[in-house]
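# Architecture at a glance
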Amino acid sequence: MTKRNNTLFITEVAVFTALAYLLDYVGNILSFKIWPQGGSVSIAMVPIFLMAFRWGMKGGLLTGFLLGLLQFILGFAQVYTIIQGIIDYFIAFTVVGFAGIFARQISKMLNEGKKGKWISYVIFGAFIGSLLRYLCHFVSGFVFFGEYAPKGQPVMIYSLLYNGTYMLPSFVISAIIVILVIGAMPKRMLVREK
């Protein structure tokens, strides 16, 4: 990576991390505390997905990690134990960056003008990143929040449903926004993964 590209990469990571934090903050406010142990329908994954599709996994993983770090530093994270905090914030948001596994395919399909294919790769990438984040929250919910399960309901089912109620809408809304953003931007803007 050239010095100019390195500077651009660092700048974009910083800007997109701040944007992700802001979107998560707003999402948390607008969720009206429906989820008492944390979680909200949010589009905070959108900037992580965009960085993952523009710069590959390194861009997505770093942006997600820094979002988790910002949530810790600025006191936005709901941390009950250190391990739970690491799983729910550092790991959960970092793994969203694995969406970048399809960065090259998306760039190639965009350059070839194959709209249906690049959209499919965006959806697959967003699904993988969202699924990995969901699995982190599921494990955390199962291990650390089982006491909140309604009487008689298995803890695994409780965690599965609780975390699914905000992660599924977050995935769908984020994927749609990312498709709209990528579709509106010039092709050359997305091609950065080398």
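Conventions and cut-offs
Residues numbered from 1 in each chain as written. Predicted model: local features only at pLDDT ≥ 70, side-chain atom pairs only at ≥ 80, totals over all residues. Heavy atoms only, no water. pLDDT = per-residue confidence, 0-100. Helix = DSSP H or I, 4+ residues; strand = E, 2+ residues; numbered from the N terminus. Buried < 20%, exposed > 50% of the residue type's maximum accessible area, 1.4 Å probe, protein only. Polar contact = N/O pair within 3.5 Å; in protein donor to acceptor, adjacent residues only side chain to side chain. Contact = heavy atoms within 4.5 Å. Phe/Tyr/Trp six-rings, centres within 6.5 Å; stacked < 30°, edge-to-face > 60°. Lys NZ or Arg CZ within 6 Å of the ring centre and 35° of its normal.

### Let's talk about the confidence of the model for the protein
Taken over all residues, the pLDDT of the protein has a mean of 90, while the share at 70 or more is 91%. Mean pLDDT values for the elements of the protein range from 68 in helix 8 (residues 187-190) up to 97 in helix 2 (residues 45-55).

### Structural notes on the side chain of serine 170
Here serine 170 lies in helix 7 (residues 155-184). Residue classification places serine 170 among the buried positions, given a relative accessible area of 0%. For serine 170, the side chain forms a polar contact with the main-chain nitrogen of serine 42, separated by 3.1 Å. At 2.7 Å, the side chain of serine 170 and the backbone oxygen of tyrosine 166 are in polar contact. Discounting residues that sit within four places of it in the chain, serine 170 has contacts with Ser40, Val41, Ser42 and Met45.

### Some details on the packing of aromatic side chains
Within the structure shown, the criterion is met by 15 aromatic pairs. Measuring from centroid to centroid gives 6.1 Å for phenylalanine 72 and tyrosine 89, while their planes differ by 85°, and the two rings are edge-to-face. With phenylalanine 72 in helix 3 (residues 57-73) and tyrosine 89 in helix 4 (residues 82-94), the pair connects residues that are 17 residues apart, well separated along the chain. Relative accessible area serves as the criterion here: at 26%, phenylalanine 72 is assigned to the partly exposed category. On the basis of relative accessibility, which here comes to 12%, the residue tyrosine 89 falls in the buried class. Ring geometry for phenylalanine 145 against tyrosine 148: centres 6.2 Å apart, planes inclined by 35°, an arrangement best described as tilted. A residue is classified by how much of its surface remains accessible, and phenylalanine 145, at 6% relative accessible area, is buried. Ring pairs connect the aromatic residues Phe65, Phe72, Tyr89, Phe90 and Phe93, which therefore count as one cluster. Between lysine 58 and the ring centre of phenylalanine 9, over which it is positioned, the NZ or CZ distance is 5.5 Å.

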